[in-house]
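Results of the structural survey
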Amino acid sequence: MMHALRLHPGDELFGALKNYCTDNNIKAAYIATCVGSLKACTLRLANADRDRPNEIKTYDQRFEIVSVVGTISCEGAHIHLGLADANGAGVGGHLISATVFTTAEIVLGQVPGLAFERRFDEATGFKELSVERRRE
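Digging into the pairing of strand E5 (residues 76–84)
Most of E5 is tucked away, with seven of its nine residues classed as buried. Between E5 and strand E6 (residues 90–110), which pair antiparallel in sequence order, lie five residues; one of them, glycine 88, sits at a positive phi of approximately 85°.

Dropping the structure here:
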(Lines give C-alpha, C1' and ligand atoms only; values in the text may rest on other atoms or scores of the structure.)
Protein backbone atom coordinates (compact mmCIF):
# COMPACT_ATOMS: atom_id res chain seq x y z
CA MET A 1 0.00 0.00 0.00
CA MET A 2 1.26 3.47 -0.86
CA HIS A 3 0.62 6.69 1.08
CA ALA A 4 1.07 10.22 -0.27
CA LEU A 5 1.23 13.45 1.69
CA ARG A 6 2.26 17.02 1.19
CA LEU A 7 3.92 19.17 3.82
CA HIS A 8 3.49 22.94 3.78
CA PRO A 9 5.74 25.93 4.52
CA GLY A 10 6.99 25.81 8.10
CA ASP A 11 6.20 22.11 8.67
CA GLU A 12 8.92 20.02 10.31
CA LEU A 13 9.81 17.08 8.06
CA PHE A 14 11.01 14.45 10.54
CA GLY A 15 8.21 15.02 13.05
CA ALA A 16 5.55 15.09 10.34
CA LEU A 17 6.70 11.71 8.98
CA LYS A 18 6.70 10.11 12.42
CA ASN A 19 3.30 11.61 13.24
CA TYR A 20 1.85 10.38 9.94
CA CYS A 21 2.97 6.82 10.72
CA THR A 22 1.57 7.02 14.26
CA ASP A 23 -1.74 8.54 13.11
CA ASN A 24 -2.13 5.82 10.45
CA ASN A 25 -0.80 2.94 12.59
CA ILE A 26 1.96 2.21 10.06
CA LYS A 27 4.24 -0.49 11.47
CA ALA A 28 6.72 -0.68 8.59
CA ALA A 29 7.31 1.73 5.72
CA TYR A 30 10.00 3.14 3.46
CA ILE A 31 10.29 6.51 1.81
CA ALA A 32 9.67 5.93 -1.90
CA THR A 33 10.22 9.55 -2.96
CA CYS A 34 10.26 13.10 -1.71
CA VAL A 35 10.76 16.38 -3.56
CA GLY A 36 10.53 19.91 -2.29
CA SER A 37 12.56 22.56 -0.53
CA LEU A 38 13.76 23.42 2.96
CA LYS A 39 14.65 26.66 4.71
CA ALA A 40 16.64 25.04 7.54
CA CYS A 41 17.84 21.62 8.60
CA THR A 42 19.95 19.78 11.13
CA LEU A 43 21.94 16.75 10.00
CA ARG A 44 24.12 14.23 11.76
CA LEU A 45 27.23 13.63 9.67
CA ALA A 46 28.75 10.21 9.00
CA ASN A 47 31.84 10.24 11.16
CA ALA A 48 30.81 8.47 14.38
CA ASP A 49 31.67 5.23 16.03
CA ARG A 50 30.66 3.75 19.37
CA ASP A 51 33.25 5.86 21.28
CA ARG A 52 32.93 9.12 19.39
CA PRO A 53 29.58 10.80 18.73
CA ASN A 54 28.65 12.12 15.32
CA GLU A 55 29.10 15.74 14.44
CA ILE A 56 25.74 17.48 14.19
CA LYS A 57 25.49 20.47 11.88
CA THR A 58 22.65 22.98 11.52
CA TYR A 59 22.10 24.85 8.27
CA ASP A 60 19.97 28.00 8.18
CA GLN A 61 19.55 28.40 4.43
CA ARG A 62 17.37 27.28 1.55
CA PHE A 63 17.91 23.92 -0.10
CA GLU A 64 16.29 21.80 -2.77
CA ILE A 65 15.57 18.26 -1.59
CA VAL A 66 17.33 15.90 -4.00
CA SER A 67 16.95 12.67 -2.04
CA VAL A 68 15.23 11.30 1.03
CA VAL A 69 15.61 7.63 1.90
CA GLY A 70 14.87 5.62 4.98
CA THR A 71 12.84 3.20 7.03
CA ILE A 72 10.04 4.49 9.23
CA SER A 73 7.28 3.26 11.50
CA CYS A 74 5.26 4.43 14.47
CA GLU A 75 8.14 3.03 16.59
CA GLY A 76 10.89 5.18 15.07
CA ALA A 77 12.72 6.20 11.94
CA HIS A 78 16.11 6.19 10.23
CA ILE A 79 16.16 8.79 7.47
CA HIS A 80 18.97 10.17 5.31
CA LEU A 81 18.62 13.42 3.40
CA GLY A 82 20.47 14.76 0.35
CA LEU A 83 20.23 18.48 -0.43
CA ALA A 84 21.47 21.02 -3.00
CA ASP A 85 22.11 24.67 -2.14
CA ALA A 86 21.59 27.74 -4.35
CA ASN A 87 24.85 26.98 -6.19
CA GLY A 88 24.02 23.32 -6.71
CA ALA A 89 26.54 22.14 -4.11
CA GLY A 90 25.42 19.08 -2.20
CA VAL A 91 25.23 18.23 1.47
CA GLY A 92 23.70 15.24 3.16
CA GLY A 93 23.45 13.18 6.28
CA HIS A 94 21.19 11.61 8.88
CA LEU A 95 18.06 13.74 9.31
CA ILE A 96 17.61 15.26 12.76
CA SER A 97 15.16 18.02 11.78
CA ALA A 98 14.21 20.10 8.75
CA THR A 99 11.79 22.95 8.11
CA VAL A 100 9.88 23.03 4.82
CA PHE A 101 10.32 26.17 2.70
CA THR A 102 7.69 25.73 -0.05
CA THR A 103 6.61 22.09 -0.10
CA ALA A 104 7.62 18.51 0.59
CA GLU A 105 5.77 16.00 -1.58
CA ILE A 106 6.24 12.56 -0.04
CA VAL A 107 5.27 9.03 -1.03
CA LEU A 108 5.62 6.25 1.55
CA GLY A 109 5.44 2.54 0.79
CA GLN A 110 3.87 0.46 3.55
CA VAL A 111 5.28 -3.06 4.02
CA PRO A 112 2.52 -5.51 4.99
CA GLY A 113 3.26 -8.30 7.44
CA LEU A 114 6.29 -6.60 9.00
CA ALA A 115 7.00 -4.25 11.88
CA PHE A 116 10.11 -2.05 11.99
CA GLU A 117 11.43 -1.57 15.50
CA ARG A 118 14.63 -0.04 16.86
CA ARG A 119 16.77 -2.04 19.29
CA PHE A 120 20.14 -1.32 20.83
CA ASP A 121 22.91 -3.21 19.02
CA GLU A 122 25.94 -4.03 21.20
CA ALA A 123 28.17 -4.33 18.12
CA THR A 124 27.49 -0.78 16.87
CA GLY A 125 26.49 1.04 20.04
CA PHE A 126 23.38 2.42 18.33
CA LYS A 127 19.69 1.57 18.07
CA GLU A 128 19.42 -0.39 14.82
CA LEU A 129 16.58 -1.75 12.72
CA SER A 130 14.88 -4.91 13.92
CA VAL A 131 12.49 -6.42 11.37
CA GLU A 132 9.68 -8.37 13.00
CA ARG A 133 7.04 -10.52 11.29
CA ARG A 134 3.48 -9.77 12.34
CA ARG A 135 -0.02 -10.88 11.52
CA GLU A 136 -2.17 -8.44 9.61
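Read on for the rest.
Quick word on the nonpolar core
Counting 31 residues, the largest nonpolar core has Ile79, Ile106 and Leu108 as its most contacted members. For this core, the elements supplying multiple residues, two or more each, are strand E1 (2–7), helix H1 (13–23), strand E2 (29–44), strand E4 (63–73), E5 and E6. If one sorts the elements of this core by residue count, E6 sits on top with seven residues. With residues up to four places along the chain from it excluded, the contact list for isoleucine 106 reads His3, Ala4, Leu5, Leu7, Leu13, Leu17, Thr33 and Cys34.

Remarks on the side chain of threonine 103
Within the secondary structure, threonine 103 is located in strand E6. A relative accessible area of 12% means that threonine 103 is categorised as buried. Discounting chain neighbours no more than four positions away, the residues touching threonine 103 are Arg6, Leu7, Val35, Gly36 and Ser37.

Observations concerning the pattern of salt bridges
Opposite charge on two side chains permits them to pair, given that their charged atoms come into close proximity. Taken as a whole and judged by the stated rule, the model has two salt bridges. Two residues, arginine 119 and glutamate 132, come together in a salt bridge whose shortest N-O distance is 2.6 Å. Residue arginine 119 is found in strand E7 (residues 114–121), and its partner glutamate 132 is found in strand E8 (residues 126–133); the two are separated by 13 residues along the sequence. Look at arginine 119 and you get partly exposed, because its relative accessible area is 41%. What you see here is one network of salt bridges that share partners, running through Glu117, Arg119 and Glu132.

Quick notes on unusual backbone geometry
Although it is not a glycine, asparagine 25 adopts a positive phi angle of roughly 50°. A relative accessible area of 47% places asparagine 25 in the partly exposed class.

Re H1
Every buried residue belonging to H1 is among Leu13, Phe14, Gly15, Ala16, Leu17, Tyr20 and Cys21, and all of these are buried. Those residues of H1 hidden inside the fold are in contact with E1, E2, E4, E5 and E6. By the N-cap criterion, in which a side-chain oxygen at the helix start approaches the backbone nitrogen of a residue two or three places on, H1 is capped by glutamate 12, the distance to phenylalanine 14 being 3.2 Å.

A look at the packing of aromatic side chains
Within the structure shown, the criterion is met by one aromatic pair. Both rings, one in tyrosine 59 and one in phenylalanine 63, keep their centres 5.7 Å apart while their planes meet at 90°; by these two values the pair is edge-to-face. Residues tyrosine 59 and phenylalanine 63 agree in their burial class; the two are buried.

Criteria and thresholds
Residues numbered from 1 in each chain as written. Predicted model: local features only at pLDDT ≥ 70, side-chain atom pairs only at ≥ 80, totals over all residues. Heavy atoms only, no water. Buried < 20%, exposed > 50% of the residue type's maximum accessible area, 1.4 Å probe, protein only. Helix = DSSP H or I, 4+ residues; strand = E, 2+ residues; numbered from the N terminus. Pairing = 2+ DSSP bridges. Core = buried A, V, L, I, M, F, W, Y, C linked by side-chain atoms within 4.5 Å. Contact = heavy atoms within 4.5 Å. Salt bridge = Lys/Arg side-chain N within 4 Å of Asp/Glu carboxyl O. Polar contact = N/O pair within 3.5 Å; in protein donor to acceptor, adjacent residues only side chain to side chain. Phe/Tyr/Trp six-rings, centres within 6.5 Å; stacked < 30°, edge-to-face > 60°.

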